[in-house]
Amino acid sequence: MTVLLADAATARQRLRSRLHSVFSRFPIGRSRSAQIGLILSLLVVFIAIASPVLTPYDPLAIDPGSRLQPPTVEHWFGTDQQGRDVFSRTIAGSRISIVSAMIIVALAVTIGVTIGIVAGYAGGWVDETLMRIADVFLAFPPLLLAMGVAAALGPSLSNAILATSLVWWPWYARVARAEALHIKHEGFVDAARTVGASNARILRTHILPVARTPIIVQISLSLGAAIVTLASLSFIGLGAQAPTPEWGTMIAEGRAYLLNQWWIVTAPGVAIFVTIMAFNILGDGVQEVLSPPEK
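Residues numbered from 1 in each chain as written. Predicted model: local features only at pLDDT ≥ 70, side-chain atom pairs only at ≥ 80, totals over all residues. Heavy atoms only, no water.

1. Things to note about the pattern of salt bridges
Here comes step 1: Summed over the entire model, instances satisfying the criterion amount to eight salt bridges.
Here comes step 2: Where E253 meets R84, a salt bridge forms, and the shortest distance between an N and an O atom there is 3.4 Å. Pair noted here: E253 is in helix 10 (residues 247–254) and R84 is in the loop between helix 3 (51–54) and helix 4 (86–122), with a separation of 169 residues, a long-range link.
Here comes step 3: Its salt-bridge partner being R132, residue E128 comes within 2.6 Å of it at the nearest N-O pair. In this pair, E128 and R132 both sit in helix 5 (residues 124–138), four residues apart, roughly one turn of the helix.
Here comes step 4: With relative accessibility at 45%, the residue E128 sits in the partly exposed group.
Here comes step 5: For R132, a relative accessible area of 38% gives the class partly exposed. (Salt bridge = Lys/Arg side-chain N within 4 Å of Asp/Glu carboxyl O. Helix = DSSP H or I, 4+ residues; strand = E, 2+ residues; numbered from the N terminus. Buried < 20%, exposed > 50% of the residue type's maximum accessible area, 1.4 Å probe, protein only.)

Below you can see the structure in the form of structure tokens.
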């Protein structure tokens, strides 16, 4: 019996050592902040994906007889002014907020990186024209400009996503342009031109892959900001509309009950804080991993 227990302990130790060895081969495995951020971010994303299973009640179901109940065993986060379960609405809101943030970043990256690498590689009047357009967007505070665009398009979640994407693309354009300006004079790019590679092929196969490191860092740092911006637009009525269980909308609906029914706004507020913290820690860790070592 003792021999079997010893063999089992040895096998577990070997498994742990092997997993540690495999994990340490990846760059993120060498940064503690990146590991913590990755774990928290995966947990948040898992909750968003599994939200239909994790919600004990219908987040849109109204129950006037249960309105404004404090947290109990039956309703963990209490109920709101219409008797809806706050816990279910907070969990359901995670999918809306996180998916919307990912769409915002994806659109901003697509627009910004395309414009940035084209401007940096082409140079001349093309670079001047595209960057002056970017400067116009950068001249305004991002949230203020997003509010203006969302108000012009009309209050809705899809318009808020589009407005935020249109506001953020210049940041990615600047990053991509800087990398393109640096890389386009490298020897391997000149060699590609010599053998007859088209400009589109050079941008796609030579410049974009090299420029992806700062872009990845910017993406990881932008997810949390996208959630805040979207929640802010929803809070002032320019984003998701009631009764959609979006975090900013939930805070806006519950602010009139803040003093006595604090749980209505506390749950989505804490959810925003935890989600942003997770993505920001991940972003700092990714930046630490991908940044070149100091000499």
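So that's the structure; there's more coming.
2. Let's talk about helix 4
Within an α-helix, residues lying three or four positions from one another point in the same direction, as the helix has 3.6 residues per turn.
Here comes step 1: With 37 residues, helix 4 ought to run about 54 Å at 1.5 Å a step, and its terminal C-alpha atoms sit 53 Å apart, in line with that.
Here comes step 2: Phi for G123, located one or two positions after helix 4, is positive at around 70°. (Expected span 1.5 Å × (residues − 1).)

3. Details of the side chain of E246
Here comes step 1: Looking at the secondary structure, you find E246 in the loop between helix 9 (199–235) and helix 10.
Here comes step 2: Within the buried core, E246 has no salt-bridge partner, and the shortest N-O distance to an opposite charge, that of R89, equals 8.8 Å.
Here comes step 3: At a separation of 3.1 Å, a polar atom in the side chain of E246 contacts the side chain of S234.
Here comes step 4: Side-chain polar atoms of E246 contact the backbone nitrogen of T249, separated by 3.0 Å. (Lys, Arg positive; Asp, Glu negative; His and termini not counted. Polar contact = N/O pair within 3.5 Å; in protein donor to acceptor, adjacent residues only side chain to side chain.)

4. Here's the deal with the packing of aromatic side chains
Here comes step 1: Going through the model one piece at a time under the given rule, you end up with four aromatic pairs.
Here comes step 2: Seen in terms of ring centroids, F77 and F87 are 5.1 Å apart; in terms of plane orientation they differ by 80°. Their pairing is edge-to-face. Highlighted residues: F77 in the loop between helix 3 and helix 4 and F87 in helix 4, separated in sequence by ten residues.
Here comes step 3: R255 extends its terminal NZ or CZ atom over the ring of F235, reaching a point 4.9 Å from the ring centre. (Phe/Tyr/Trp six-rings, centres within 6.5 Å; stacked < 30°, edge-to-face > 60°. Lys NZ or Arg CZ within 6 Å of the ring centre and 35° of its normal.)

5. Quick look at helix 7 (residues 157–183)
Here comes step 1: When the terminal C-alpha atoms of helix 7 are compared, their 39 Å separation across 27 residues agrees well with the 39 Å that a helix rising 1.5 Å per residue should span.
Here comes step 2: W168 marks the point of greatest bend in helix 7, at about 30°, and the proline P170 comes within the next four residues. (Bend = angle between axes of the 7 residues up to and from the residue.)

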